[in-house]
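Breakdown of the fold
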Amino acid sequence: MAKFVGNRSRSKEGPRHVTGRGLFTDDFQLPGMLQAMILRSPHAHAKILSVDPSEALINPNVFAVITPDDVKKLTKPFKPGRYAAGLKRPIDEYAGAVDKVRYVGEPIGAVAAKDRGTAEDALELIQVEYEPLRPNVDVHEAIKPSSAALFDELGTNLAWTGSLQYGDIDAAFKSADRVVTEKLKIHRYSSTPLEPFNVIASYDAASKRLTVWVTAQVPEVIYDGLREALDLQDVRVIIPDVGGGFGQKIHLIRKYVVLVSLLAMKTGRPVKWIEDRSEHMMAGGHACAQEVEAEAAVKNDGTVLGLKFKEYDDVGGSISTLTIHFTNKLNNLSNTYKTPAIYMEGHAVVTNKCPVIPNRGIGKPGMCFIWERMMDRVAQALNLSSIEVRRKNLIQANEMPYSTISGNIYDSGDYPGLLKTLLEKIDYDKLREEQKKAREQGKLMGIGIVIGVEPGGRNAARDMAIFPEMKEPPGSGGVNGAKIKLEKNGTLMLHLGSPNCGQAHETTTAQVAADILGSTPDRFSTSIPFDSDLSSWGVAAANSGNNFHLYDIGAIHGAATKLRDKILKLAAFNLKVEPSELTIEDSVVKVPGAAAKQITFAELGRIAYNNQHLIPDDMEAGLEATHYYTFPFAKPNIVPGADRKVRAQFTFSAGAHAAIVEVDKNTGSVHVLRYLIVGDNGTVINPDVVNGQVYGSAAHGIAVALGEGFMYSPEGQPLTITYLDYGKCSAAETPRVEAVHQPSPSPFTSLGQKAAGEGAAIPSPAAIASAVEDALQPFGVKVCELPITPEAVWRLLNHNPEKERRTF
Amino acid sequence: MKQTIGVTVNGRLYEEEVEPRILLSHFLRETIGLTGTHIGCVIGECGACSVLLDGKVVKSCLHFAVQADGREITTIEGLAKDGQLNPVQEAFVKNYAFQCGYCTPGMVMTSQALLQKNPNPSEEEIRKALAGNLCMCTGYVQIVDAVKEAAKGMKNG
Amino acid sequence: MIPGSFEYFAPRSLPDAVKFLSEHKDDVKILSGGQSLLPLMKMRLSKPAYIVDIGRIPGLDTITQDGNNLIVGALVTHERIEYSDLLKARCPLLPQTATTIADVQVRNRGTFGGSVAHADPAGDWPAAVIALDAEIKVFGPSGERWVKCDDFFLGLLMSVLEPDEIVTAIKVPITGSDKTSYQKAAPRSSGFAVTGVAVRLAIDAAGTCSRAAIGITGVADKAYRPERTEQILAGKKLDGNLIEQAAMESTRNVEVIEDINGSSEYRAHLTHVYVARAIEEALSR
């Protein structure tokens, strides 16, 4: 009987955060620690001719400078990795730029000094000579043969092309009554975590042991990256409280960990590097700008027979995350629909802008944007309601578990049910009446209704589907562990397998374990920070990919179940009963109805660690359990075969979103009147936590749609290096998102739980676009491009496109 | 040239020698070791570094330590007494008005300052008062709810 | 993040401050609230070798009435203006403008004088100052003088101030029955104006607008007075058509800027909309 799972439970992380006792990387000080600054390129595209640190090194408080020559001599490049497996020739990517710089802000070296001010002063004294090259900022210009190639090894900026087809797409288009087409654009943006990159590196030369404290989401990237680049065997990765991740702190951060580690090795001192906001905005990583041409083959009754799309991805100045926004579309390729044929084609173009990273949802917001804009377009073309068109194509609840054409298996979900509840909650028909009245008064009110699936739990072999040349899986499925220890005093200590960036891992795992062990969450503590030496971690150890709900909850569930067995066995031995006669209540093991027959956790602890004669001979002493979890329903299609079908992810949450907006005719500003989500996250372990994820991810998607984003000049200079210029929203600009839960528990996970982290970030840009287009319907304009800024709306209203592209 | 300054922080006088260019935020974090005040930006636009200066909420990163000579500062560490959370802190914990916790100290200080000035703010007033405190995680809903609850709690003493 | 090194001087009198400024004319900045200066220094866009902190000079932080005028000391913070009962009663345009500046933290530290002296082309105060025909008191090596607001702002972050001169006060009129308003378009509540319009309308007993004074910020390389707009409104009864006609002239002969928040075409249009809105809001008060 679940006492804690599903109910409100006091936050374990809260008390330290509200008293300023969170332990973030910058809060650590080590004796003799130096402060670092990164030397960065001021050019978007240039050859590095020379780097002279001599003037900077005159000051004795400047301890070391790392130059491109050092990086080349002292480190090995990172291997291309699973996102660049399809490169015609593997391209070396060092931690810092060695011959060429390819984006403003690209790191080319580093300096370590006694204090931060001295390091910043020293940076200005390092003389660097560049030979500027022509920058590429526009995807279509960049792929012209006349453009300057970013990578000479490739000879072209079209770094990768690939396609996948599922079902008979030709037949679908041949038998269509109509083909509906549209061109869509999404811009560069990111979740810009409030804490930028932070690294502390400390090297013990005699033992050849490197320890790093780092703001990272995926320990494996750091661990493998350091071992690869620095040829080290003994690497310890410690991840303290992280001030937001959102996918920013996965890939690019490994470059900085290597550079800072080099400084630590060179100086023999611990070195700390704290990134500035402006650095992060220009070089921390962006979500990819995508240009898509989509076509839907439809029947007159609204059935979608097939979807084709071709996308150009602006991936910036690195090849390491080349295909990430394309390949992740496999996760929600079908969205919530049973369309039997899909063709996807990707073109990854390198440009002289910040490299792209897997920001919240990666590729999936784009995929959902394609689907949901096309559904509206189909409705318009066929003169049907956009609700009806969606209903016509939704996978039904009684078809679950549902195998999609690309190999995903949707575990559970009632998409028509979510839509129905959504329309009831917003009183849809009444809203349309209100809209009619508003239009008569010249007011522009709009309603956008969209639905999106939210995949969860990563499969490490997924990318093989787009790379037929990949013979060996880089990993497959997922593996992550956890340990629970009943301490001598009867309290419980959790050792989790993943770091966290604020998703209440400590609170939710305590609830899960408390239910299984018959204890209460207040008796649990979690060992923090994440420490690769101590943690039972595997490839799924990641605060990303919507992994926690599956792998970490699964691991804790498994460990708690094992520990419960041990507790019962030891208790039974001491109470002289059978384990099956026992229950656990409030950390006391007892025979129901027999007051004398009970033993507390504390008593059991004292026995397990101290009293050999009270431990059965066939039982191991101590009371702890470790469990490594793999998803038991990962097959079939865990590794794609010749048909390229693959379980891109393993569990499938979903949400139906309603955006109600009003557009100011004179200024083009969009005001969100109401935003409601009816969501299915499976069994909700902690409602406050899940609500928080829904509110936060929705707020970001709404802000992305309405204007936040990165911009570049035609010379490749980043124009948005402050939050203000980038357009980040405060509470004053953010609408109050409402969330209603209508879960369909997963039949495959430990407790029926599904993901919630990426959540509402996936459908929300489409919801806003749909609502604004609906508001502008009297003007007959289409909304196909993000962001929907006031000026963009004003131009649509006045049929006044910009004469020329000013920024990118 | 370094200067000696005397700054009272959370009721305690600190006398330290500082370079003029040291920011108050770094003084708090590094010179006197109170790391609860966080730094999230450069030009003072995110509010993570918010503290009370002579009772008014300010951004400690837009202030040199030398300017604080003779002044009184309250940081996040100065709110709870002996581990007992004050009404704003308690409301934040209860309402899950945080996720990663990085903006939280600044958010709590600004909320504290708001309620000291305006004990019964409307939702609109709360949102405007928090306009200088950015959060990337929460979408602000639970933060606003926490401030409302704290207001009720403070009213009831 | 960390500014370049500098020598710091916190004088206790205006003559001491000016003396220090004169000695280091070529490489010195005045520190008032610091809300505009520190961002520039932290980005290392400004690297003065000397800083004069005028925050400890007594007598610069009062708000007093002087006949038909109000004298606001340069060190008065935006927050004090926002909550001043005297100003709410006698010159409400000032508190109304103050409440739109940045956020509460910046308003608690930023000063009226510092802001005006900084001459940010998108700052809010310059628009209000122009609409109020304010005069700015300047203290320097040759003593004290008053500068009319129309002469004060020269261009992007440029005013008539010499490096060794300090703004000590701003004189604004008691606006009495005049209708005033400040309306600002900013993508973010704490952001700079994409366009900001301050108006002051003198409406006589017959309902005619005897004079319109307007200040516009965020649109050009400095805040400016749209003279043509003022002329169209002067001496007329203000109806919707006239207001719109006048508003459309508000960017005439102005080089409207273009930046990431808008093209010049859009910005000019937005300004026309906001001039009309500011006039209408003022009339509704």
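The shown structure was predicted, so the numbers you read here are calculated from the model rather than taken from an experiment.

1. Thoughts on the interface of chain C and chain B
On the side of chain B, 34 residues touch chain C, which itself brings 33 residues to the contact. The largest share of the area that chain C buries against chain B comes from Tyr8(C), Gln105(C) and Arg109(C), three residues that together contribute 21% of it. At the junction of chain C and chain B, the tally comes to three salt bridges. Two residues, Glu79(C) and Lys56(B), come together in a salt bridge whose shortest N-O distance is 3.3 Å.

2. Observations concerning the domain arrangement of chain A
Residues and elements named next belong to chain A. Split into domains, chain A comes out as domain 1 (32-133 + 197-274), domain 2 (362-459 + 650-807) and domain 3 (478-629). Using only C-alpha atoms to locate each centre, domain 1 and domain 2 end up separated by 38 Å. On the side of domain 2, five residues touch domain 1, which itself brings four residues to the contact. When domain 1 packs against domain 2, close to 320 Å² is buried across both sides, 49% of that on carbon and sulfur atoms. Area buried by domain 1 at its contact with domain 2 is led by Ala44, Arg82 and Val104, which between them contribute 73% of it. Where domain 1 packs against domain 2, one counts zero salt bridges. Along the contact surface separating domain 1 from domain 2 lie one residue pair in polar contact (both at pLDDT 80 or more). In the side of domain 1 that touches domain 2, the residues fall into three nonpolar, no polar and one charged.

3. Looking at the domain arrangement of chain B
All names here are of chain B. Each assigned domain of chain B is listed here: domain 1 (3-77) and domain 2 (87-156). Placing the centre of domain 1 and that of domain 2 at their C-alpha centroids yields a distance of 22 Å. Each side of the interface is counted separately: domain 1 has 17 residues, and domain 2 has 13 residues. When the area that domain 1 buries against domain 2 is broken down by residue, the three leading residues are His38, Leu52 and Ile76, summing to 39%. For the interface between domain 1 and domain 2, the tally reads zero salt bridges. Joining domain 1 to domain 2, the criterion identifies five residue pairs in polar contact (both at pLDDT 80 or more).

4. Considering the interface of chain B and chain A
Taken together, the contacts link 48 residues of chain B with 54 residues of chain A. Taken together, both faces of the contact between chain B and chain A bury some 4000 Å²; the carbon and sulfur share is 59%. Three residues, Tyr96(B), Tyr102(B) and Met136(B), lead the burial of chain B against chain A; their summed loss comes to 18% of the area buried on that side. Inspection of the chain B/chain A interface yields six salt bridges. Across the pair Asp26(A) and Arg29(B) runs a salt bridge, and its minimum N-O distance is 3.3 Å. Counting the contacts that link chain B with chain A gives 21 residue pairs in polar contact (both at pLDDT 80 or more). Going through the elements one at a time, α1 (24-31), α2 (87-94), α3 (104-117), α4 (123-129) and α5 (141-155) of chain B are the ones with two or more residues in the side of chain B that touches chain A.

5. Concerning the sheet that holds strand β20 (residues 492-495) of chain A
Residue and element names in this part refer to chain A. Spatial strand order, β21-β20-β19-β26: four strands in an open sheet with mixed pairing. What marks the edges here is a single partner per strand, and that holds for β21 (524-526) and β26 (624-629). This sheet shows a mean twist of 20° between the axes of neighbouring strands, independent of strand direction. Alignment of strand β19 (residues 480-486) against β20, held across four bridges, turns out to be antiparallel. Within the sheet, the bridge partner assigned to Ile484 lies in β20 and is Leu494. Contacts from helix α14 (residues 505-517) reach β19, β20 and β21, with the element oriented near 140° to β21.

6. Side note on the packing of aromatic side chains
Tallying each qualifying case throughout the model produces 25 aromatic pairs over all chains. Each ring, one from Tyr410(A) and one from Tyr415(A), has its centre 6.5 Å from the other, and the planes form 85°; the classification is edge-to-face. A residue is classified by how much of its surface remains accessible, and Tyr410(A), at 0% relative accessible area, is buried. You can call Tyr415(A) buried: its relative accessible area is 0%. A centroid spacing of 6.4 Å and a plane angle of 70° characterise the contact between Phe631(A) and Phe748(A), whose relative ring orientation is edge-to-face. Taken as a pair, Phe631(A) in the loop between β26 and β27 (649-663) and Phe748(A) in the loop between β29 (737-741) and α19 (764-775) lie far apart in primary sequence, 117 residues in all. With respect to class, Phe631(A) is no different from Phe748(A); both count as buried. Three or more aromatic residues joined by ring pairs form one cluster here, namely Tyr402(A), Tyr410(A), Tyr415(A) and Phe652(A). A cation sits over an aromatic face here: Lys308(A) above Phe173(A), 4.4 Å from the ring centre. For Lys117(B), the ring lying beneath its charged end belongs to Tyr83(C), and the centroid distance is 3.9 Å.

7. A short note on the sheet that holds β27(A)
Residues and elements named next belong to chain A. Ordered in space as β18-β27-β28-β29, the four strands form an open sheet in which the pairing is mixed. A strand with exactly one partner marks an edge of an open sheet, and here the two such strands are β18 (444-458) and β29. Sheet twist, expressed as the mean angle between neighbouring strand axes with direction ignored, is 20°. Relative to β27, β18 runs antiparallel, the two being bridged by 14 bridges. Note that in β27 the partner of Ile451 across the bridge is Ala656. In the packing of helix α15 (residues 548-575) onto the sheet, contacts are made with β18 and β27, and the angle to β18 comes to roughly 40°.

8. Side note on the pattern of salt bridges
Here the structure, examined in full by the defined rule, presents 82 salt bridges over all chains. Between Arg10(A) and Glu90(B) there is a salt bridge, and its shortest N-O distance comes to 2.8 Å. Highlighted residues: Arg10(A) in the segment before α1 (14-18) and Glu90(B) in helix α2, drawn from two different chains. Residue classification places Arg10(A) among the partly exposed residues on the basis of a relative accessible area of 44%. For Asp224(A), the salt bridge is made with Arg227(A), and the minimal N-O distance between the two is 3.9 Å. Remark: Arg227(A) and Asp224(A) occur in helix α6 (residues 219-230); sequence separation between them is three residues, near one turn of the helix. Arg227(A) gets classed as partly exposed once you look at its relative accessible area, which sits at 32%.

9. As for the nonpolar core
The tendency in soluble globular proteins is for nonpolar side chains to be buried as a group. Formed by 166 residues in total, the largest nonpolar core has its most connected members in Phe309(A), Leu330(A), Tyr415(A), Ile449(A), Tyr675(A), Val772(A) and Phe92(B). The element that contributes the greatest number of residues to this core is helix α10 (residues 364-382) of chain A, accounting for nine residues. Apart from the residues within four sequence positions on either side, Phe92(B) is in contact with Val18(A), Ala97(B), Phe98(B), Thr104(B), Met107(B), Val108(B), Ser111(B), Ile143(B), Ala146(B) and Val147(B).

10. Overview of the pairing of strand β7 (residues 143-148) of chain C
Residue and element names in this part refer to chain C. Both strand β6 (residues 135-140) and β7 contribute to a ladder of six bridges, which runs antiparallel. Following the sheet pairing, Gly140 is matched in β7 by Gly143. Connecting the antiparallel pair β6 and β7 is a turn made up of two residues.

11. Focus on the side chain of Arg277(A)
For Arg277(A), the position within the fold is in helix α8 (residues 277-283). Nearest to the buried, unbridged Arg277(A) among oppositely charged side chains is Glu45(B), at 5.9 Å. A polar contact of 2.8 Å, which involves the side chain of Arg277(A), links it to the backbone oxygen of Pro193(A). There is a polar contact of 2.9 Å between the side chain of Arg277(A) and the backbone oxygen of Gly40(B). Excluding residues that lie within four positions of it along the chain, Arg277(A) makes contacts with Thr192(A), Pro193(A), Leu194(A), Glu195(A), Pro196(A), Ile721(A), Tyr723(A), Gly40(B), Cys41(B), Val42(B) and Glu45(B).

12. Points about helix α20 (residues 790-797) of chain A
Taken residue by residue, α20(A) has Glu791(A), Val793(A), Trp794(A), Arg795(A) and Leu797(A) as its buried positions. In this structure, the buried side of α20(A) is in contact with β18, β27, β28 (670-680) and α19 of chain A together with α12 (264-284) of chain C.

13. Digging into helix α1 (residues 14-23) of chain C
Count 3.6 residues to each turn of an α-helix, and residues three or four apart come out pointing the same way. Residues and elements named next belong to chain C. Listed as buried for α1 are Leu14, Ala17, Val18, Phe20 and Leu21. For α1, the arc enclosing every buried residue in end-on projection is 160°, short of the 170-degree limit, so these residues lie on one face. For α1, exposure combined with an orientation more than 90 degrees from the buried face picks out Pro15, Lys19 and Glu23. Turning to α1, the residues buried within the fold contact β1 (7-9), β2 (28-31), β3 (50-53), β6 and β10 (166-173). The N-cap residue of α1 is Ser13: its side-chain oxygen and the backbone nitrogen of Asp16 are 3.2 Å apart.

Thresholds, definitions, all that
- Residues numbered from 1 in each chain as written.
- Chains lettered and ligands numbered in written order.
- Predicted model: local features only at pLDDT ≥ 70, side-chain atom pairs only at ≥ 80, totals over all residues.
- Heavy atoms only, no water.
- Contact = heavy atoms within 4.5 Å.
- Buried area = accessible area lost by both parts, 1.4 Å probe.
- Salt bridge = Lys/Arg side-chain N within 4 Å of Asp/Glu carboxyl O.
- Domains from an automatic or database assignment.
- Polar contact = N/O pair within 3.5 Å; in protein donor to acceptor, adjacent residues only side chain to side chain.
- Nonpolar A, V, L, I, M, F, W, Y, C, P; charged D, E, K, R; others polar.
- Helix = DSSP H or I, 4+ residues; strand = E, 2+ residues; numbered from the N terminus.
- Pairing = 2+ DSSP bridges.
- Axes fitted to C-alpha atoms, helices over the stretch in contact; angles between N-to-C directions.
- Phe/Tyr/Trp six-rings, centres within 6.5 Å; stacked < 30°, edge-to-face > 60°.
- Buried < 20%, exposed > 50% of the residue type's maximum accessible area, 1.4 Å probe, protein only.
- Lys NZ or Arg CZ within 6 Å of the ring centre and 35° of its normal.
- Core = buried A, V, L, I, M, F, W, Y, C linked by side-chain atoms within 4.5 Å.
- Lys, Arg positive; Asp, Glu negative; His and termini not counted.
- Arc of directions from axis to C-beta.

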